[in-house]
Amino acid sequence: MPLNIVLIEPEIPNNTGNIGRLALGSGSNLHIVKPLGFEITDARLKRAGLDYWPHLSVTYYDNAEAFFNKHQGKSMAFLSSKGAKNHWDIPFEDDMFLIFGKESVGLAPEIIEANTERLFKIPLYSEHVRSLNLANAVSIVIYEGLKGLNP
């Protein structure tokens, strides 16, 4: 079964469009939690991947509470620069949900606090970089997961 990419309140249409293309190319499902920082018909989203959108498995949620209520008890990993464990330590499994926060601030503090045991980061090797671009981070984690599921 595929992996699930979850974007909580994405703000930048180019990132979401590129992640949509990544989801389709990797066989993953995309879950988008509102509110969004753009309209789904935004021209930048279209340039970044909207022509693929009709072929994509995408589900929208009105808010984070609706997402977590629907997928209660499912296997999840939360990605944040505040994680103590590295992304390659995620115990990937089929149908796992990989949760990413919005570009400006990441995951909400209450989500981080409630999931510290399932909180992972992508290591950075320069003190001059706070975080990676969201689309790049999702790519790194998805393909690490696929590598683990398809050795």
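Read on for an overview of the structure.

## Observations concerning the overall build of the protein chain
Logical step 1: Across its full length, the protein chain carries five helices and seven strands.
Logical step 2: The order of α-helices and β-strands along the protein chain, N terminus first, is β-α-β-α-β-α-β-β-β-α-β-α.
Logical step 3: Here the protein chain has a C-alpha radius of gyration of 14 Å; the compact-globule value for 151 residues is 15 Å, and the two agree.
Logical step 4: Along the first, second and third principal axes, the C-alpha set of the protein chain runs to 35 × 35 × 30 Å.
Logical step 5: Out of the 151 residues belonging to the protein chain, those deemed buried represent 43%.
Logical step 6: Within the protein chain, contacts between residues separated by at least 24 positions form 76% of all contacts whose residues are at least 6 apart in sequence.
Logical step 7: Carbon and sulfur atoms make up 50% of the accessible area of the protein chain, which amounts to about 8,100 Å² in all.
Logical step 8: Separation of charge centres in the protein chain, based on 14 positive and 17 negative side chains, amounts to 4 Å.

## A closer look at the sheet that holds strand β6 (residues 97–100)
Logical step 1: Reading across from one edge, β3-β2-β1-β6-β4-β7-β5 is the order of the seven strands in this open sheet, with parallel pairing throughout. Every other strand in the sheet has two partners, leaving β3 (58–61) and β5 (85–86) as the edge strands with one partner each.
Logical step 2: Across the sheet, helix α1 (residues 13–26) touches β1 (4–8) and β2 (29–33), and the angle it forms with β1 is around 170°.
Logical step 3: Strand contacts of helix α5 (residues 134–149): β1, β4 (76–79) and β6, with the helix running at about 160° to β6, the strand carrying the most contacts.

## Examining α1
Logical step 1: A rise of 1.5 Å per residue sets the reference length of α1, with its 14 residues, at 20 Å; its end C-alpha atoms lie 20 Å apart and thus fit the reference within 8%.
Logical step 2: Gly-27 occupies a position one or two residues after α1 and carries a positive phi of about 75°.

## Let's talk about the layout of surface pockets
Logical step 1: By volume, the largest pocket is sized at about 580 Å³.
Logical step 2: Around the largest pocket sit 26 residues that line it, and Ser-80, Ser-81, Arg-130, Ser-131 and Leu-132 are the ones nearest its centre.
Logical step 3: Every element with two or more residues in the lining of the largest pocket is listed here: β7 (119–121) and α5.

## Quick word on a nonpolar patch on the surface
Logical step 1: Judged by side-chain polarity, Leu-124, Val-129, Leu-132 and Ile-140 come together as a nonpolar surface patch covering roughly 270 Å² of accessible area.
Logical step 2: Take Leu-132: it is sitting in the loop between β7 and α5.

What counts and how
- Residues numbered from 1 in each chain as written.
- Predicted model: local features only at pLDDT ≥ 70, side-chain atom pairs only at ≥ 80, totals over all residues.
- Heavy atoms only, no water.
- Helix = DSSP H or I, 4+ residues; strand = E, 2+ residues; numbered from the N terminus.
- Rg over C-alpha atoms; globule rule 2.2 N^0.38 Å.
- Buried < 20%, exposed > 50% of the residue type's maximum accessible area, 1.4 Å probe, protein only.
- Contact = heavy atoms within 4.5 Å.
- Areas by Shrake-Rupley, 256 points an atom, 1.4 Å probe, with all protein chains shown as cover.
- Lys, Arg positive; Asp, Glu negative; His and termini not counted.
- Charge placed at Lys NZ, Arg CZ, Asp CG, Glu CD.
- Pairing = 2+ DSSP bridges.
- Axes fitted to C-alpha atoms, helices over the stretch in contact; angles between N-to-C directions.
- Expected span 1.5 Å × (residues − 1).
- 1 Å grid on protein atoms, 1.4 Å probe; cavity = no way out; pocket = protein on both sides within 12 Å on 5 of 7 lines; lining within 4 Å.
- Points joined across faces, edges and corners; volume = space filled by probe spheres on them.
- Patch = residues over 30% accessible without salt bridge, like charges linked within 9 Å, V, L, I, M, F, W, Y side chains within 5 Å.
- Salt bridge = Lys/Arg side-chain N within 4 Å of Asp/Glu carboxyl O.

These figures capture arrangement, not role.
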